[in-house]
Amino acid sequence: MTSSQEPKKQDLPPTAWAVLGLLSFPGERTGYELKKWADSSLRFFYWSPAISQIYAELRRLEDLGYAVSVRSGPEEARAKRRYAITDAGREALTGWAGDTAQAGPPVLKHGLLLRIWLGHLAEPERLRAMVTEHMERTRGELAAVREAMEHAAEVREWAFPTLVLRWSERQHLAELELAAALLADLAEAAPQAARTERDAQDATRP
């Protein structure tokens, strides 16, 4: 592929850059290992691609010359293909990582809040239960973040991933505070919602 045929860096989807970013750390990794690492790092602050997405992006990166792969020999019981970043891939990734104009604003898609927004269709007890369940899940995620932080702190090359995981820890703690405040708001809103419903019913009576 000639340079004139190569797509511009901005033409690659974020998933491609995320997979290439995983390859930018020392060592060669299989697609499965990349998926495990994404699950223990990327998902805490961005998202974790499906294994099929990872392999699709690895093929794309190889076609671009940004990654190379080597198939394991007969010494391994099961043949594996390990991937590594190339010099061209590291150069492209460096350019993309430094392009703050392409970072864009953070996007919040909060499934729980979408349901609270439709709270007029649910019982107050169910809304409070959903928030409580969300807090339990968040505590589980917080524990996973802290476990990942401990693991990353043991590897010198993962100093910057450790900083991001520390940010994720704070974000999960803030999420717990917001959820607790939401529970208080729901408790305050329930009587008002009940009065509004009674008023609406009275207005329709002859």
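Please read these numbers as outputs of a predicted model, since none were measured by experiment.

1. A look at the pattern of salt bridges
Logical step 1: Under the criterion given, the structure shown has nine salt bridges.
Logical step 2: With its nearest N and O atoms 2.7 Å apart, the salt bridge here joins Arg139 to Glu136. On the criterion of helical spacing, the pair formed by Arg139 and Glu136 is a turn pair, its members being three residues apart in helix H6 (residues 124–153).
Logical step 3: A salt bridge links Arg156 to Glu157; the nearest nitrogen and oxygen atoms lie 3.9 Å apart.

2. As for the environment of Leu42
Logical step 1: Tracing the backbone through its elements, the reader meets Leu42 in the loop between helix H2 (31–39) and helix H3 (51–64).
Logical step 2: Its relative accessible area of 12% is what places Leu42 among the buried residues.
Logical step 3: Separated by 24 residues in the primary sequence, Leu42 and Ala18 have C-alpha atoms spaced 8.3 Å apart.
Logical step 4: Excluding residues that lie within four positions of it along the chain, Leu42 makes contacts with Ala18, Leu22, Trp37, Trp47 and Pro49.

3. Brief notes about the packing of helix H1 (residues 14–23) against helix H4 (residues 87–97)
Logical step 1: At a minimum axis distance of 10 Å, the contact between H1 and H4 shows a crossing angle of 120 degrees. Accordingly, the angle class assigned to the pair H1 and H4 is oblique. Our pair here, H1 against H4, has a crossing hand that is left-handed. Contacts between H1 and H4 involve Trp17, Leu20 and Gly21 on the former and, on the latter, Gly89, Ala92, Leu93 and Trp96.
Logical step 2: Tallied by class, residues from the contact of H1 with H4 come to five nonpolar, two polar and no charged.

4. As for the confidence of the model for the chain
Logical step 1: Residues at a pLDDT of 70 or more form 83% of the chain, whose mean pLDDT is 87.
Logical step 2: Low pLDDT, under 50, characterises residues 1–9; the predicted model gives this stretch eleven contacts beyond four residues in sequence or across chains.

Thresholds applied
Residues numbered from 1 in each chain as written. Predicted model: local features only at pLDDT ≥ 70, side-chain atom pairs only at ≥ 80, totals over all residues. Heavy atoms only, no water. Salt bridge = Lys/Arg side-chain N within 4 Å of Asp/Glu carboxyl O. Helix = DSSP H or I, 4+ residues; strand = E, 2+ residues; numbered from the N terminus. Buried < 20%, exposed > 50% of the residue type's maximum accessible area, 1.4 Å probe, protein only. Contact = heavy atoms within 4.5 Å. Axes fitted to C-alpha atoms, helices over the stretch in contact; angles between N-to-C directions. Parallel < 35°, antiparallel > 145°, perpendicular 65-115°, else oblique. Left-handed = near helix turned anticlockwise from the far one by under 90°. Nonpolar A, V, L, I, M, F, W, Y, C, P; charged D, E, K, R; others polar. pLDDT = per-residue confidence, 0-100.

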